Amino acid sequence: MSPTTAPEIFRQLADRLSSASKDGFFHHLAHSLATLLHVDHVLVVSIDTQLGAATPLAMSTSGEWLEPLPCALQGTACEQVYRQARLYVPSQVRAQFPNDPLLELLSAEGYLGVAMVDAEGNCQGIIALIHSSPLSPPLHTNEVLKIASSLAGFELSRQVMGAQAQERILSEQRALRLISRGNEALIHARREASLLQAACHILVEVGGYSAAWVSGVVENSAQPLCWVDQATADLQGEVPVWFSPKQLLITSYSRDMAKQALESRAPIVISEYGTDAIAPSLKAALLTLGVKTLIALPLIYRGTAFGVLSFYQTDEPEVTNKELRLVSELADDIAFGLDSVRRRQTEQRIQHAVTQVATAVSAQHGEAFLTQLTAHMADALSAEVGFIATLDEDDAGVANILSLYVDGRQQQGFSYRLAGVPCQEVLYEEECIVHDGAGVRLPVEANGALEWVSAYVGRRLDDANGKPIGIIGVMFRSPLTDTQIVSTVLQIFAVRAASELERKENEARIRQLAFRDEGTLLPNRADFMHYIERKVSEYPATPLALLLLDLNHFKEINDTAGHDLGDLVLKEVAGRFSKVLKEGDYLARLGGDEFIVVCNGEDSANALNTAQHLCESLNAPINIEHHSSELSVSIGISLYPHHACSSQELLKYADIAMYQAKRQKLAIRTFEYWMEQEVSEKLHIAKRLAIAIADNTLTLNFQPQIDMRSGKIIGAEALCRWRDDELGDVSPLQFIPIAEERGMIAALGKCVIENSCRQLAQWRKRGMQLPGQLAINIAADQFEDGDLVNILLTNCNTYGISPAALSLEITESGIMDNPEKAIAMTEVLKGYGLGLAIDDFGTGYSSLSYLKRFAADKIKIDISFIRDMLISDNDHTIVATIIAMANTLGLETIAEGIESKAQVESLLTMGCTQGQGYYFDRPLAADQFAERWLI
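Cut-offs and rules
Residues numbered from 1 in each chain as written. Predicted model: local features only at pLDDT ≥ 70, side-chain atom pairs only at ≥ 80, totals over all residues. Heavy atoms only, no water. Helix = DSSP H or I, 4+ residues; strand = E, 2+ residues; numbered from the N terminus. Buried < 20%, exposed > 50% of the residue type's maximum accessible area, 1.4 Å probe, protein only. Contact = heavy atoms within 4.5 Å. Areas by Shrake-Rupley, 256 points an atom, 1.4 Å probe, with all protein chains shown as cover. Core = buried A, V, L, I, M, F, W, Y, C linked by side-chain atoms within 4.5 Å. Pairing = 2+ DSSP bridges. pLDDT = per-residue confidence, 0-100. Axes fitted to C-alpha atoms, helices over the stretch in contact; angles between N-to-C directions. Parallel < 35°, antiparallel > 145°, perpendicular 65-115°, else oblique. Left-handed = near helix turned anticlockwise from the far one by under 90°. Nonpolar A, V, L, I, M, F, W, Y, C, P; charged D, E, K, R; others polar. Salt bridge = Lys/Arg side-chain N within 4 Å of Asp/Glu carboxyl O. Phe/Tyr/Trp six-rings, centres within 6.5 Å; stacked < 30°, edge-to-face > 60°. Lys NZ or Arg CZ within 6 Å of the ring centre and 35° of its normal. Expected span 1.5 Å × (residues − 1). Arc of directions from axis to C-beta. Polar contact = N/O pair within 3.5 Å; in protein donor to acceptor, adjacent residues only side chain to side chain. Disulfide = S-S within 2.5 Å.

(A) Summary view of the overall build of the protein. Across its full length, the protein carries 32 helices and 36 strands. Per-residue burial for the protein yields a buried fraction of 50% across its 935 residues. Considering only contacts within the protein whose residues lie at least 6 apart along the sequence, 62% involve residues at least 24 apart. Accessible surface for the protein amounts to roughly 44,400 Å². Of this, 50% is attributable to carbon and sulfur atoms.

(B) Broad picture of the nonpolar core. Formed by 78 residues in total, the largest nonpolar core has its most connected members in Trp763, Leu806, Val879, Leu907 and Phe929. Counting 31 residues, the second-largest nonpolar core is a separate cluster that includes Leu565, Ile624, Val633 and Ile635.

(C) Spatial organisation of the pairing of strand S1 (residues 41-48). In terms of burial, S1 is largely enclosed, as 7 of its 8 residues are buried. Note that S1 and strand S7 (residues 123-131) share 6 bridges and pair antiparallel. Each residue of the ladder has a partner; that of Val44, found in S7, is Ile127. The sheet contact formed by S1 and strand S2 (residues 53-61) spans 8 bridges and is antiparallel. When the bridges of S2 are listed, His41 appears paired with Thr61. What sits between S1 and S2 in their antiparallel hairpin is a turn of 4 residues, with Gly52 showing a positive phi close to 65°.

(D) View of the confidence of the model for the protein. Mean pLDDT over the protein works out to 81, with 85% of the residues at or above the 70 mark. Note that residues 167-182 has pLDDT below 50 and, in this model, 17 contacts with residues that lie over four places away or in other chains. Predicted confidence is poor over residues 220-226, with pLDDT under 50, and the contacts of this stretch with residues over four places away or in other chains come to 13 contacts.

(E) A look at the packing of helix H23 (residues 745-765) against helix H25 (residues 788-799). Their axes nearest at 9 Å, the elements H23 and H25 cross at an angle of 25°. Classified by the interaxial angle, the pair formed by H23 and H25 is roughly parallel. Seen from above, H23 lies across H25 with right-handed handedness. Along the contact surface, H23 presents Lys750, Ile753, Glu754, Cys757, Arg758, Ala761 and Arg764, while H25 presents Leu788, Ile791, Leu792, Asn795, Cys796 and Tyr799. For the contact of H23 with H25, the class distribution of residues is 8 nonpolar, 1 polar and 4 charged.

(F) Spotlight on the environment of Ala855. Among the structural elements, Ala855 can be located in the loop between helix H28 (848-851) and strand S33 (858-861). Each C-alpha atom, one on Ala855 and one on Ala822, is 9.5 Å from the other, the two residues being 33 residues apart in sequence. Not counting the four nearest positions on each side in its chain, Ala855 is found in contact with Thr826, Glu827, Lys830 and Leu836.

(G) Inspection of the pattern of salt bridges at higher detail. Considering all chains together, one arrives at 25 salt bridges under this definition. The salt bridge involving Arg669 is made with Glu672; its shortest N-O contact spans 3.2 Å. Residue classification places Arg669 among the buried positions, given a relative accessible area of 14%. As a salt-bridge pair, Arg709 and Asp707 come within 3.2 Å of each other at their nearest N and O atoms. On the accessibility criterion, Arg709 (60% relative accessible area) is exposed.

(H) Representation of the packing of aromatic side chains within the structure. Counted by the stated rule, this structure contains 13 aromatic pairs. Chaining the aromatic ring pairs together yields one cluster made of Phe528, Tyr531 and Tyr586. Sitting over the face of the ring of Trp452, Arg477 holds its NZ or CZ atom 4.2 Å from the ring centroid. Here the basic side chain of Arg922 rests over the ring of Tyr918, its NZ or CZ set 4.1 Å away from the ring centre.

(I) Fine view of unusual backbone geometry. Residue Pro641 is bonded to the preceding Tyr640 through a cis peptide linkage, with omega at 0°. Within the secondary structure, Pro641 is located in the loop between strand S25 (632-640) and helix H20 (647-663). Of note in this structure, His38 is not a glycine but carries a positive phi near 60°. Take His38: its relative accessible area is 38%, and that puts it in the partly exposed class.

(J) Seen up close, helix H27 (residues 819-831). Compared with the 18 Å implied by 1.5 Å per residue over 13 residues, the 18 Å span of H27 between its first and last C-alpha is a close match. If you check which residues of H27 are buried, you get Pro819, Ala822, Ile823, Met825, Thr826 and Leu829. Angularly, the buried residues of H27 cover 165° about the axis, an arc narrow enough to put them on a single face. Every exposed residue of H27 that faces more than 90 degrees away from the buried side is listed here: Glu827 and Gly831. Downstream of H27 by one or two residues, Gly833 has phi in the positive range, about 95°.

(K) Summary view of the environment of Pro732. Inspection of the secondary structure puts Pro732 in helix H22 (residues 732-741). Along the sequence, Pro732 and Cys720 sit 12 residues apart, while their C-alpha atoms lie 7.2 Å from each other. Aside from chain neighbours lying at most four places away, what touches Pro732 is Cys720, Arg721 and Pro737.

(L) Representation of the side chain of Asp517. Here Asp517 shows up in the loop between helix H15 (483-515) and helix H16 (525-536). Side chain to side chain, Asp517 and Thr520 meet in a polar contact 2.6 Å long. With residues up to four places along the chain from it excluded, the contact list for Asp517 reads Leu522, Pro523, Asn524 and Arg589.

(M) The arrangement of the pairing of strand S30 (residues 773-778) in detail. Bridge count for strand S28 (residues 712-724) against S30 is 4 bridges, and the pairing is parallel. Within the sheet, the bridge partner assigned to Ala718 lies in S30 and is Ile776. Relative to strand S31 (residues 806-811), S30 runs parallel, the two being bridged by 5 bridges. Bridging from a neighbouring strand, Asn777 pairs with Glu809 of S31.

(N) Looking closely at the sheet that holds S25. The 5 strands are arranged S21-S22-S20-S25-S26 in an open sheet whose pairing can be described as mixed. Whereas interior strands pair on both sides, the edge strands pair on one side only; in this sheet they are strand S21 (586-591) and strand S26 (668-670). With strand direction ignored, the average angle separating the axes of adjacent strands in the sheet is 20°. Bridge count between strand S20 (residues 544-552) and S25: 9 bridges; the pairing is antiparallel. What sits directly across from Leu544, in S25, is Tyr640.

(O) Spatial organisation of H22. Within H22, the full set of buried residues consists of Phe735, Ile738 and Ala739. Considered in projection along H22, the buried side chains sweep an arc of 100° and stay on one side of the axis. Its buried side turned inward, H22 meets helix H21 (673-695), S28, strand S29 (728-730) and H23. Measuring from the side-chain oxygen of the N-cap residue of H22 to the backbone nitrogen of Leu733 gives 3.1 Å; that N-cap residue is Ser731. Remark: Gly743 follows H22 within two positions and exhibits a positive phi of approximately 75°.

(P) Spotlight on the state of the cysteines. All chains considered together, the criterion is met by 0 disulfides. For Cys796, which is in no disulfide, the shortest distance to another cysteine sulfur is to Cys757 and amounts to 4.3 Å.

Shown next as structure tokens:
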């Protein structure tokens, strides 16, 4: 079955995408969106602005895969999405884009496209929903597409970056192969040391120089310029790679010459007969050591200085220009070789980093993924420390470490303040590199555990909108010399880490939509069912109490103040409930004005105590936006495992107990087994009543209404009666409340109206006429039904009855549910000639200001006052007051439930002239009533 609610759509999308392989991600995404959003076609394309083309990545159409060819971007719907980020054309999309071949191929009618953006905010492609008929997307389509486009954008960025890294690796490997073909010595060089050593040997063994060596420069923040000898070849050394004592002196004396060559980026030559730009004393010292000619060549390639190649000879006093040109070319080859070796090492490390990322991707999502990604990152960069941190949602100046590896071991994360630490610079500059001395700048929250750190490299993690969400970084024990490779590799890991963090955020949002109530932020029904199922499946069983709470009269707040204020009231109620619950108690909102509480380890007495606290939390009025609301709550309690061992039965029993509390006007009821039997019986009656209403097997009795002065009939009241083949005679006191509870009262009332009109027509056909009006009882729900007037007029017209032949009786409390609407309705009814009486007057809470505006004809005094008015002064006073008030307002009064002559005389004395009751006659079947009162 297709999902129809936001939580189900988001849950299914998360489930489908979490199982998709990286190779089939876009096909899986297209198929999932087509299924979840009910569209004929879903297209995922990448955009190449340089070529002006849209290249399909995946397309799902009618459950099948298609492989459409790339097409030109210009003039297509894809181009419009690329420029505007979103395009929605409900219908006639082909007319808007007549040159779009794909729309023509698919017979497209409706279209909705959104852009897929990368971490830098650049459009990488689009997702398009295409429908063969007008497109009316489901309510939550925008949220689904936002999440889907974000995930697809990051996946496409990952694939593009991986392809670019692989292309760069292949290109630089080709350069290395060209170097190896041009110089046999460089073919076997795999490390800088071996390459430099090979170059020195070539100069000594092939070139015939006495010695050769390479001096390098190490740059870091602690020592701006530090010279080291990286390789040497000396014919006088005891071991070929060792400096002889003489060579050590020559190297030392020639240091300034090497520096000059590096600074000028040009060869420096010292010869026996030449004029040189070094101190005469140094030149004299070199000559004394037998040096005839000394050459220093800077090793520079692509603007990078790798060091200085120096060599000398003792037998040839001069160096020709050709020789200098050849050795300079050799230096260029060595520099090229050094660059190639370093690049190859960089490529290998990058390739290793990509492999580590791919390995990390195979881990489960969430914290485990980030932990594993951190470990692989530290390993790929040979870093002693690797970490991933997120920015605190409540305090922008705090970061929370999610994963931390130190010396290959996972460490406990911690929170730290960003002020003054390198991570603060990361947020401002996107990247921060500290070559040396970083330990003293690390957070104090580390408690000195990282003081040994020398180098730090950190990179900012941004979401799809470019908003900073975290920091990723590595640290090293030694000063950092090569930052390019670290920066490049860290960027690869940063893209994946940011993608995962945003995926987690989206997943959390999906979970919140699926398992949280949006208005109160409490767990919702789905979360509650997961929770209670888990609790009742625990072994050994732990007792718990289930409290089902239903707010009383909350509907009045929505009706009078509006649903927006009602939502704020529910939020306040949720807060009050939460404050009185103990730690470990569970509170959820099931929907509407129903809440549920689970008290773990509680017995009946403690559950009652908790329920009492919940009731008391609503004692104080709820004041919101100058509106004061007074609420109470009805609570039903069921106990596990005392009452039931399944979650469904526990909830059912709590619901039954809550219903009993409402019925008995109690705040709290604990479930008892007889309650279930009563509910079962009522359910059976409700089923039989539904059949009786559908089959129109209900009947009417009629009770006369009398002018007590003359004893003559002035009308009658129609009373519904039900005799069931299975249940026998069912009292109205039993089936009418069930009809109201089960939402059948309007249908029941419609039957009464139709049967009343039919009976009046039958009496008229027999030559009988009912004096006055036939009174019909109208329930509050029926009175608020906008179709009531139409039902009355239709039946009057069908049976040829004048609306003036009918009078409607509605209870006082029913009118006051919505007094303004009731006033308008009474005016409409009176306009058609119908009579109107306020039934059970005195038992409700009518306002005189409303009562005088009702278009009523008479007030019907409730039987409860008539019954005891002769023996109760209070009841007698109430009856007299009602009669006097009615006379003042120009309304007639009719007393119901009259059973004695004394009551008649008393009522006449007080000014009430109309009445009905057993004193005059009982309710009679139609034929009996006609025989006794109409002949």
